[in-house]
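One-letter residues, chain by chain:
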Amino acid sequence: MNNKINIVLYNAQSILNKIFDINEYIGKNKIDVFCINETFLNNNTTNINLIKNYSIIRNDRLTHGGGVAIIINKQLKFKIIKQKSTLDYEYQVIEVFSK
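Residues numbered from 1 in each chain as written. Predicted model: local features only at pLDDT ≥ 70, side-chain atom pairs only at ≥ 80, totals over all residues. Heavy atoms only, no water.

A few words now on the packing of aromatic side chains. Throughout the structure, instances matching the rule amount to three aromatic pairs. Through successive ring pairs, a cluster of aromatic residues spans Y10, Y25 and F34. (Phe/Tyr/Trp six-rings, centres within 6.5 Å; stacked < 30°, edge-to-face > 60°.)

So, on to the environment of N73. With respect to the helices and strands, N73 occurs in strand β4 (residues 68-73). Given the relative accessible area of 11%, N73 is considered buried. (Helix = DSSP H or I, 4+ residues; strand = E, 2+ residues; numbered from the N terminus. Buried < 20%, exposed > 50% of the residue type's maximum accessible area, 1.4 Å probe, protein only.)

Relative to strand β6 (residues 90-97), strand β5 (residues 77-85) runs antiparallel, the two sharing eight bridges. When the bridges of β6 are listed, I80 appears paired with I94. (Pairing = 2+ DSSP bridges.)

A word on the pattern of salt bridges. Considering all chains together, one arrives at three salt bridges under this definition. Measuring nitrogen to oxygen at the nearest pair gives 3.7 Å for the salt bridge that ties K28 to E24. Of this pair, K28 and E24 are both found in helix α1 (residues 19-29), four residues apart, which corresponds to roughly one turn of the helix. Among the ionic pairs, R58 bridges to D60, the shortest N-O distance being 2.6 Å. A relative accessible area of 12% places D60 in the buried class. (Salt bridge = Lys/Arg side-chain N within 4 Å of Asp/Glu carboxyl O.)

Membership of the largest hydrophobic core comes to 13 residues, with the highest contact counts inside it found for I15, I22, I26, F34, I36 and I71. When residues of this core are traced back to their parent elements, those giving at least two are α1 and β2 (33-37). Examining the composition of this core, we find that three residues originate from one element, α1, more than from any other. Residues within four places of I26 in sequence aside, it is in contact with I31, F34, I51, Y54 and I71. (Core = buried A, V, L, I, M, F, W, Y, C linked by side-chain atoms within 4.5 Å. Contact = heavy atoms within 4.5 Å.)

Attention now moves to the pairing of β2. Put simply, side chains in a regular strand alternate between the two faces of the sheet. Note that strand β1 (residues 7-11) and β2 share five bridges and pair parallel. Counterpart to Y10 in the pairing with β2 is I36. In this fold, the crossover linking β1 to β2 by way of α1 has right-handed handedness. For β2 and β4, the ladder comprises five bridges, and the chain directions are antiparallel. Its bridge partner lying in β4, F34 is registered against I71. (Right-handed = clockwise from strand over helix to strand, strands pointing away.)

Taken in spatial order, the four strands of this open sheet run β1-β2-β4-β3, and their pairing is mixed. Unpaired on one side and paired on the other, β1 and β3 (54-59) mark the two borders of the sheet. Geometrically, the sheet is characterised by an average inter-axis angle of 15 degrees between neighbouring strands, direction not taken into account. Alignment of β3 against β4, held across six bridges, turns out to be antiparallel. Its bridge partner being in β4, R58 is matched across the sheet by A69. On the sheet, α1 packs against β1, β2, β3 and β4 and is oriented at approximately 150 degrees with respect to β2. (Axes fitted to C-alpha atoms, helices over the stretch in contact; angles between N-to-C directions.)

Take a look at the structure:
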C-alpha cells in the first residue's frame, strides 16, 4: 500500500488562463494536493473546469488579485480547519488524512 501524498505549491498570477496546463500537470504527475496562491479569482468566478476526480477549495481575496486555492484528489479525505480572507491577505488550513 502506498501512503505517499504528492503535494505541489504553485504561484499562479491568475489561474483562469492556466487551468488547462494545471490540469495536465496534475494528471501527468499524479499530484494529490495542488496548492495555489495568487489565483486572482473572485465571487463571480464559478465555472472552473477541473481535472476529473478533483475538488477545489477556494478562498478568494476581497479585492482585486490575491486568493488561494487547493485542488485535491477526491480519493483523499480532508477537513477544512480554518480560512481567513482580508483586504490584504488570505489563507486556508486543511487536514488531509492518509490514503
